[in-house]
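This is what each chain is made of:
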Amino acid sequence: MISSTSNPQIKNLIQLQKKSKARVEQSAFVTEGIKMFEESMTGGFLIKAYFSESLYNDILGKDSEYFKGYSFEVVTDGVFKEISDTLTPQGVMAIVKKPEYGLEQMIGDSIANLLLLEDIRDPGNLGTMLRTAEAAGVSGIILSKNSVDMFNPKVIRSTMGAIYRMPFLYVEDLGITINHLKENKFSIYAAHLLATHNYDEIDYIGKCAIMIGNEANGLSDEIAELATKYIKIPMEGKVESLNAAVAASILMFEVYRNRRRLK
């Protein structure tokens with residue numbers, strides 16, 4: 001049983017939680033919670049699990065088979081509480097392999113639809129977008145290199161397991177990628193304050209992508225100019241804009257609504 005935060009494995013867990021560089025070097029990240037642990041195990045992503053002493057004893061008393069077939073360590077409750085990134089730890093953390101995706105697998109389908117994100121910085125927003133994208137049948141998410149790290153613990157929690165299933169890709173140059181999409185028959189719709197078309201006036205049946213910009217500044221002029229069309233969400237009151245994740249969710253589900261009509 002691990003009983004000290006000085007243990008090398010515990011130090012590594014902390015590094016993977018706090019340092020993007022460590023996650024890149026190890027091609028791994030940390031998850032917390034029973035649901036995330038079990039999904040990593042069934043999906044083949046699990047590298048190693050860490051159980052709090054109390055949870056281990058609780059499960060072992062009911063089902064000793066639960067622990068067979070994978071590598072794990074037991075950690076004292078005190079140490080587990082210190083290293084947990086949540087206020088109410090569930091008693092299990094796991095080191096998990098990063099999923100990897102390529103652009104071509106996202107765009108090959110004749111009705112592919114994408115979410116393009118430029119410099120999204122809030123972990124909660126990104127996690128919510130990933131979770132919503134799965135629910136709305138999005139083919140993949142493409143992010144600019146300056147967007148928040150998908151494997152940030154706060155992002156991971158917000159995805160509620162969608163991190164294992166929703167394809168995503170960071171690109172060095174978002175503009176070059178958008179031009180590549182246009183060459184592959186994608187229509188690009190930018191959520192933009194200068195739009196003259198409401199989002200529900202568009203037919204999203206063919207290959208398409210929705211662009212969402214930075215929470216504070218929106219899309220850069222350089223990226224916005226690459227759009228096929230600007231779209232907006234009409235609003236009442238004095239609200240000038242919506243939260244980025246809320247806006248993205250509305251637009252993704254509008255695309256989904258259009259496509260459900262064809263089924």
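Residues numbered from 1 in each chain as written. Predicted model: local features only at pLDDT ≥ 70, side-chain atom pairs only at ≥ 80, totals over all residues. Heavy atoms only, no water.

Attention shifts here to the overall build of the protein chain. Counting its regular elements, the protein chain contains 11 helices and 11 strands. For the protein chain, the spread of C-alpha atoms along the principal axes amounts to about 60 × 35 × 35 Å. Looking at the 263 residues of the protein chain, the share that counts as buried comes to 50%. A separation of at least 24 residues holds for 76% of the contacts in the protein chain among residues at least 6 apart in sequence. A total accessible area of about 13,100 Å² is found for the protein chain, and carbon and sulfur atoms account for 49% of it. Treating the 29 positive side-chain charges of the protein chain as one cloud and the 33 negative ones as another, the clouds have centres 1 Å apart. (Helix = DSSP H or I, 4+ residues; strand = E, 2+ residues; numbered from the N terminus. Buried < 20%, exposed > 50% of the residue type's maximum accessible area, 1.4 Å probe, protein only. Contact = heavy atoms within 4.5 Å. Areas by Shrake-Rupley, 256 points an atom, 1.4 Å probe, with all protein chains shown as cover. Lys, Arg positive; Asp, Glu negative; His and termini not counted. Charge placed at Lys NZ, Arg CZ, Asp CG, Glu CD.)

Next up on the list: the sheet that holds strand β1 (residues 28-32). If you walk across this open sheet you meet the 4 strands as β1-β4-β2-β3, and the pairing is mixed. The sheet is open, and its two edges are formed by β1 and β3 (72-75), each paired on a single side. Sheet twist, expressed as the mean angle between neighbouring strand axes with direction ignored, is 20 degrees. Direction of pairing for strand β2 (residues 46-52) relative to β3: parallel, over a ladder of 4 bridges. Pairing of Y50 across the sheet is with E73, part of β3. Lying on the sheet, helix α1 (residues 8-18) is in contact with β1, β2, β3 and β4 (92-97); it crosses β1 at an angle near 95 degrees. Lying over the sheet, helix α3 (residues 34-42) contacts β1, β2 and β4, oriented at roughly 150 degrees with respect to β2. (Pairing = 2+ DSSP bridges. Axes fitted to C-alpha atoms, helices over the stretch in contact; angles between N-to-C directions.)

Another aspect to go through is the nonpolar core. Ranked by internal contacts, the top residues of the largest apolar core, which has 77 residues, are F51, I163 and I212. In terms of residue count, the dominant contributor to this core is helix α11 (residues 244-260) (7 residues). Not counting chain neighbours up to four residues away, the residues in contact with F51 comprise F37, Y56, Y66, F67, Y70, F72, E73, V74, V75, F80, G91 and V92. The next biggest cluster of nonpolar side chains, apart from the first, holds 14 residues, and it includes A22, A28, V30 and V75. (Core = buried A, V, L, I, M, F, W, Y, C linked by side-chain atoms within 4.5 Å.)

We now examine the pairing of β1. By the criterion of burial, β1 is predominantly enclosed, with 5 of the 5 residues buried. On β1, burial covers both faces: A28, V30 and E32 on one face and F29 and T31 on the other are all buried. When β1 meets β4, the two strands line up antiparallel, connected through 5 bridges. Along β4, the bridge assignment pairs T31 with A94.

Moving on, we get to the sheet that holds strand β8 (residues 187-191). The strand order across the open sheet formed by 7 strands is β7-β6-β5-β10-β8-β11-β9, and the pairing between neighbours is parallel. The open sheet has two free edges, formed respectively by β7 (168-171) and β9 (197-198), since each of these has just one partner strand. Note: β8 against strand β10 (residues 208-212), 4 bridges, orientation parallel. Opposite Y189, over in β10, you have I210 as the bridge partner. Sitting on the sheet, α11 is in contact with β5 (113-117), β8, β10 and β11 (229-232), with an inclination near 165 degrees to β10.

This part is about a negative patch on the surface. Taken together, the side chains of D173, D221, E222 and E225 define an acidic patch exposed on the protein surface. Relative to the elements of secondary structure, D221 occurs in helix α10 (residues 221-224). You can call D221 exposed: its relative accessible area is 58%. (Patch = residues over 30% accessible without salt bridge, like charges linked within 9 Å, V, L, I, M, F, W, Y side chains within 5 Å. Salt bridge = Lys/Arg side-chain N within 4 Å of Asp/Glu carboxyl O.)

Tallied over the full model, the rule gives 17 aromatic pairs. Measuring from centroid to centroid gives 6.5 Å for F51 and Y66, while their planes differ by 70 degrees, and the two rings are edge-to-face. Of the two residues, F51 is situated in strand β2 and Y66 in the loop between α4 (53-60) and β3; the sequence distance between them amounts to 15 residues. F51 gets classed as buried once you look at its relative accessible area, which sits at 0%. Plain terms: the ring middles of Y56 and F72 are 5.9 Å apart, the flat faces sit at 35 degrees to each other, and that makes the pair tilted. A residue pair is termed long-range when its members are at least 10 positions apart, and Y56 in helix α4 and F72 in strand β3 qualify at 16 residues. Of the residues examined, Y56 reaches a relative accessible area of 19% and is grouped as buried. We classify F72 as partly exposed; its relative accessible area is 26%. Taken together, F37, F51, Y56, Y66, F67, Y70 and F72 form an aromatic cluster joined through their ring pairs. When the ring centre of Y256 is taken as reference, the NZ or CZ atom of R260 above it lies at 5.1 Å. (Phe/Tyr/Trp six-rings, centres within 6.5 Å; stacked < 30°, edge-to-face > 60°. Lys NZ or Arg CZ within 6 Å of the ring centre and 35° of its normal.)

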